[in-house]
Amino acid sequence: MADQHPVSPEGSIPPTALALRWEEPPEGPVLVLLDQTRLPAEEVDLVCTDVPALVEAIRSLAVRGAPLLGLAGAYGVALAAARGFDVDEAAESLAHARPTAVNLAYGVRRAVAAYHAALRDDADDVQAAVAALAEARVLHREDAEASERMAARGQALLEELLPAGGHRILTHCNTGALVSGGEGTALAVVKAVHRAGQLRRLWVDETRPLLQGARLTAYEAARAGMAYTLLADNAAGSLFAAGEVDAVLIGADRIAADGSVANKVGSYPLAVLARYHHVPFVVVAPTTTVDPATPDGAAIEVEQRPGHEVTDITIPYAPIARQEAGTGVPVAPLGTQAHNPAFDVTPPELVTAIVTEEGVISPVTEDGIAELWTRSRSGNGMMSI
């Protein structure tokens, strides 16, 4: 079950609201999500008391973004355990809520492993639930720390690639605090560049069909005080042609063993444009997004979204118009079929660099990905390739 509660931020331009948090009111523990389908019109908390409500929130994109999905998966397992539901059944449901983002299943596995390890050590159900929650909180802290390190590494890379400063950066979809336990992935790098006084302009792709750039990235950029400009996705080419883009920064939902990158649909065309115009194309993602079990881009399962997201224009909640979130206005004839993949795949040869908390891979090769994965799992510290 999920309930909605308005958030009342303080100040005229508040910082980005927390995307996810665990709370323990008297009636029992809950997972509280910032409902991203309601942004930017209003900030509304979605309170999940059980896993089915969380699964629906994931599928409806109320909670989204690869790293945050990992946290949602881990906390979802903890929620099931704390409320006495079948943990393995809950884990199975959560892990398959969205197929492309590898972080979701990773977070689920971490919390389930902690839960069962506690049971094997003769813990009772309550103690095992505490262990699952503790593991979710560890993952949350790790993600925040990874975000900070990615921001520093990404900023250093841009200084190396673009020593003149005054960067004009193009980004796609949303990769900020709304997708992370910290400041995000690609947008965390942009924020670091902005704080250093080196951001001349952030170009924000609207990111059709669900407008995560227009609704979410612009929301974060405004609150950070960035100089940003929103553009229709198909206007990006004109910016490249005019020499107005110095670098492209995106996130990732899955990185295959060969370095192929699955990200929000529309990323691959940007990579092609960037290569043609000799502009760096940089992917920023935590090592939890790397999946060595996926050999290449062709093996990545790309989620297919409902056709109505393309054939209808979905209206975010607008208090003045008294429209409910999710209202669709048809823009195509009734019965029109739609092709609506949530992601596309960029081959490694089009990626200038992959920035992770453990190091920067450039050029992007299968050997580099393998070394990164090995170092990240062994805990041997930082790596710079």
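Quick notes on the rules
Residues numbered from 1 in each chain as written. Predicted model: local features only at pLDDT ≥ 70, side-chain atom pairs only at ≥ 80, totals over all residues. Heavy atoms only, no water. UniProt positions renumbered as here; feature names shortened; annotations may be inferred. Axes fitted to C-alpha atoms, helices over the stretch in contact; angles between N-to-C directions. Helix = DSSP H or I, 4+ residues; strand = E, 2+ residues; numbered from the N terminus. Parallel < 35°, antiparallel > 145°, perpendicular 65-115°, else oblique. Contact = heavy atoms within 4.5 Å. Nonpolar A, V, L, I, M, F, W, Y, C, P; charged D, E, K, R; others polar. Pairing = 2+ DSSP bridges. Buried < 20%, exposed > 50% of the residue type's maximum accessible area, 1.4 Å probe, protein only. Polar contact = N/O pair within 3.5 Å; in protein donor to acceptor, adjacent residues only side chain to side chain. Domains from an automatic or database assignment. Buried area = accessible area lost by both parts, 1.4 Å probe. Salt bridge = Lys/Arg side-chain N within 4 Å of Asp/Glu carboxyl O.

- An unreviewed UniProt entry annotates the protein chain as Methylthioribose-1-phosphate isomerase of Streptomyces iranensis.
- Looking at the Catalytic activity (unreviewed entry) heading of the UniProt record, one finds this comment for the protein chain: "5-(methylsulfanyl)-alpha-D-ribose 1-phosphate = 5-(methylsulfanyl)-D-ribulose 1-phosphate".
- Listed in UniProt under the heading Pathway (unreviewed entry), the comment for the protein chain reads: "Amino-acid biosynthesis; L-methionine biosynthesis via salvage pathway; L-methionine from S-methyl-5-thio-alpha-D-ribose 1-phosphate: step 1/6."

1. Looking at the packing of helix 3 (residues 87-95) against helix 4 (residues 102-120)
1) Next: Where helix 3 meets helix 4, the axes come as close as 9 Å, and the angle between the chain directions of the two elements is 170°. Considering the angle they form, helix 3 stands roughly antiparallel to helix 4. Contacts between helix 3 and helix 4 involve Val87, Asp88, Ala91, Leu94 and Ala95 on the former and, on the latter, Leu104, Ala105, Val108, Val112, Tyr115 and His116.
2) Next: When grouped by side-chain class, the residues that make up the contact of helix 3 with helix 4 number nine nonpolar, one polar and one charged.

2. Focus on the sheet that holds strand 9 (residues 254-256)
1) Next: In space, the four strands of this open sheet follow the order 12-9-10-15, with mixed pairing throughout. The open sheet is flanked by strand 12 (290-291) and strand 15 (343-346), the only strands paired with a single partner.
2) Next: Bridge count for strand 9 against strand 12 is two bridges, and the pairing is parallel. Paired with Ile255 across the bridge in strand 12 is Val290.

3. Observations concerning the side chain of Asn174
1) Next: Its location among the elements puts Asn174 in the loop between strand 5 (167-171) and helix 6 (186-195).
2) Next: Here Asn174 is in contact with Arg64, Val179, Leu187, Gln212, Leu216, Thr217 and Glu220, once residues within four sequence places are set aside.

4. Concerning the sheet that holds strand 17 (residues 359-361)
1) Next: Taken in spatial order, the seven strands of this open sheet run 7-6-5-8-11-16-17, and their pairing is mixed. Whereas interior strands pair on both sides, the edge strands pair on one side only; in this sheet they are strand 7 (228-231) and strand 17. Between one strand axis and the next, the sheet turns through 25° on average, direction left out of account.
2) Next: The sheet contact formed by strand 11 (residues 281-284) and strand 16 (residues 353-356) spans three bridges and is parallel. The partner of Val284 across the bridge, within strand 16, is Val355.

5. Structural notes on the UniProt feature "binding site: substrate" (unreviewed entry) in the protein chain
1) Next: Summarizing the sequence annotation, UniProt attributes the feature "binding site: substrate" (unreviewed entry) to Arg64, Gly65, Ala66, Arg98, Gln212, Asn263 and Lys264 in the numbering used throughout.
2) Next: Along the polypeptide, Arg64 turns up in the loop between helix 1 (51-59) and helix 2 (66-82).
3) Next: In this structure Arg64 comes out as buried when scored by relative accessible area, which is 6%.
4) Next: The contact partners of Arg64, leaving out residues within four places of it in the chain, are Gln36, Leu69, Arg98, Cys173, Asn174, Leu178, Val179, Gln212 and Leu216.
5) Next: For Arg64, the side chain forms a polar contact with the side chain of Gln36, separated by 2.8 Å.
6) Next: Topologically, Gln212 is positioned in helix 7 (residues 212-224).
7) Next: Among all residues touching Gln212, those that are not within four sequence positions of it are Leu61, Arg64, Cys173, Asn174, Glu206, Thr207, Thr217 and Lys264.

6. Focus: the domain arrangement of the protein chain
1) Next: The domain boundaries assigned to the protein chain delineate domain 1 (20-143) and domain 2 (148-380).
2) Next: Once you take the C-alpha centre of each, domain 1 and domain 2 turn out to be 25 Å apart.
3) Next: Taken together, the contact between domain 1 and domain 2 spans 26 residues of the former and 36 residues of the latter.
4) Next: Together domain 1 and domain 2 conceal approximately 2600 Å² of surface at their shared face, both sides included; 52% is due to carbon and sulfur atoms.
5) Next: For domain 1, the biggest contributors to the area lost against domain 2 are Arg64, Thr100 and Val102; these three give 23% of the whole.
6) Next: At the junction of domain 1 and domain 2, the tally comes to one salt bridge.
7) Next: The shortest N-O distance in the salt bridge between Arg98 and Glu303 comes to 2.8 Å.
8) Next: In this structure, the connection of domain 1 to domain 2 is made through 17 residue pairs in polar contact (both at pLDDT 80 or more).
9) Next: Residue assignment for the side of domain 1 that touches domain 2 shows that the elements contributing at least two residues are helix 2, helix 4 and helix 5 (125-161).
10) Next: Sorting elements by how many residues they give to the side of domain 1 that touches domain 2 places helix 2 first, with four residues.
11) Next: For the side of domain 1 that touches domain 2, a count of residues per class yields 13 nonpolar, six polar and seven charged.

7. As for the pattern of salt bridges
1) Next: Under the definition given, this model contains 15 salt bridges.
2) Next: A salt bridge links Asp246 to Arg168, with the nearest nitrogen and oxygen atoms 2.9 Å apart. A residue pair is termed long-range when its members are at least 10 positions apart, and Asp246 in the loop between helix 8 (236-241) and strand 8 (247-250) and Arg168 in strand 5 qualify at 78 residues. The burial state of Asp246 is the same as that of Arg168; both residues are buried.
3) Next: Taking the shortest distance from any N to any O, the salt bridge between Arg305 and Glu303 comes out at 3.1 Å. Across the pair, exposure class does not vary: Arg305 and Glu303 are buried alike.
4) Next: Salt bridges here are not isolated pairs; linked through shared partners, they connect Arg98, Glu303, Arg305 and Glu309.

8. Comments concerning the packing of helix 1 against helix 3
1) Next: At a minimum axis distance of 10 Å, the contact between helix 1 and helix 3 shows a crossing angle of 10°. Of the possible angle classes, the one that applies to helix 1 and helix 3 is roughly parallel. Where helix 1 approaches helix 3, its residues Val51, Leu54, Val55 and Ile58 are matched on the opposing element by Ala90, Ser93 and Leu94.
2) Next: The class makeup of the residues in the contact of helix 1 with helix 3 is six nonpolar, one polar and no charged.

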